[in-house]
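Structural overview
So you can see what is in the structure, the chains are spelled out below.
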Amino acid sequence: MDVVILDSSEQVALQGARMIGNLLRGNAAAVLGLASGQTPRAMYRELIRAHRENGLSFRDVTTFNLDEYLGIAPDNPHSYRAYMRRELFDHIDIDPARTYLPECAPGQNPLEVGPDYEERIRAAGGKVRLVKVNIDESPELAQQLRIQSIPTVYAFFQGQPVDGFQGAQPES
């Protein structure tokens, strides 16, 4: 595992986009976990640029987002679905039918939506290859995983953390 220390959010966005680009060039049908909010916007802009200028294709990619507002319809302009369309999906060649969010529209039971979402992930091979989480926007996740230092990296197997590290690591 390589640890890369970068000096700016722009460098982080470029590095994240490069990592995704390399993943897609090696596995056109990759399954990505994506985040919403302010933090990934610059990375999404870089992915759009790579798609337009370098032909990076998302045609066979499947995405799973980490979150969605409870009780908000997917077509609501304030939903994370609308955010993802505005910030990324509408600007690349991804099939909208392969973009998933844990949507729980008004009247749906969240206790049923969660297991359905997990089943979609299993149906996609259960292998989300890359997920970036902003702990400032997902403090409940940071608390569940007992994150005390940034960066924190976890490897998961069958839904459970099996390895990880916190803080900058020395070069090996």
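Here the structure is a predicted model, which means the values were calculated and not measured.

Calculation notes
- Residues numbered from 1 in each chain as written.
- Predicted model: local features only at pLDDT ≥ 70, side-chain atom pairs only at ≥ 80, totals over all residues.
- Heavy atoms only, no water.
- Helix = DSSP H or I, 4+ residues; strand = E, 2+ residues; numbered from the N terminus.
- Buried < 20%, exposed > 50% of the residue type's maximum accessible area, 1.4 Å probe, protein only.
- Contact = heavy atoms within 4.5 Å.
- Areas by Shrake-Rupley, 256 points an atom, 1.4 Å probe, with all protein chains shown as cover.
- Pairing = 2+ DSSP bridges.
- Axes fitted to C-alpha atoms, helices over the stretch in contact; angles between N-to-C directions.
- Expected span 1.5 Å × (residues − 1).
- Core = buried A, V, L, I, M, F, W, Y, C linked by side-chain atoms within 4.5 Å.
- Polar contact = N/O pair within 3.5 Å; in protein donor to acceptor, adjacent residues only side chain to side chain.
- Phe/Tyr/Trp six-rings, centres within 6.5 Å; stacked < 30°, edge-to-face > 60°.

Scanning the chain for helices and strands turns up five helices and five strands. When the helices and strands of the chain are listed from N to C terminus, the series reads α-β-α-β-α-β-α-α-β-β. Burial analysis of the chain (172 residues in total) assigns 33% to the buried set. Sequence separation of at least 24 residues holds for 63% of the intrachain contacts in the chain that already meet a minimum separation of 6. Split by element, the accessible area of the chain, about 11000 Å² in all, is 50% carbon and sulfur.

This part is about the sheet that holds strand β2 (residues 62–65). With parallel pairing, three strands are arranged side by side in an open sheet as β1-β2-β3. Each edge of the open sheet carries a strand with a single partner, namely β1 (31–34) and β3 (99–100). Contacts from helix α4 (residues 110–123) reach β2 and β3, with the element oriented near 150° to β2.

When the terminal C-alpha atoms of helix α1 (residues 9–26) are compared, their 26 Å separation across 18 residues agrees well with the 26 Å that a helix rising 1.5 Å per residue should span. Those residues of α1 that are buried lie in contact with β1 and α2 (41–54).

As a further point, take the nonpolar core. The biggest cluster of nonpolar side chains holds 24 residues, and the ones touching the most others in it are Tyr44, Leu47, Phe58 and Leu88. Contributions of two or more residues to this core are made by α1, β1, α2 and α3 (80–87). Discounting chain neighbours no more than four positions away, the residues touching Leu88 are Leu34, Tyr44, Leu47 and Ile48.

A few words on the side chain of Glu103. Within the element layout of this structure, Glu103 appears in the loop between β3 and α4. For Glu103, the side chain forms a polar contact with the side chain of Arg81, separated by 2.9 Å. Apart from residues lying up to four places away in sequence, Glu103 is in contact with Glu68, Pro74, Arg81, Gln108 and Val113.

Now for the packing of aromatic side chains. Evaluated as defined, the whole model comprises four aromatic pairs. Aromatic pair Phe64 and Tyr100: ring centres 5.0 Å apart, planes at 15°, arrangement stacked. Taken together, the residues Phe64 in strand β2 and Tyr100 in strand β3 connect sequence positions 36 residues apart. Phe64 sits in the buried class, given a relative accessible area of 3%. Here the aromatic rings of Tyr80 and Tyr83 are separated by 6.3 Å at their centres, their planes lie at 85°, and the arrangement is edge-to-face.

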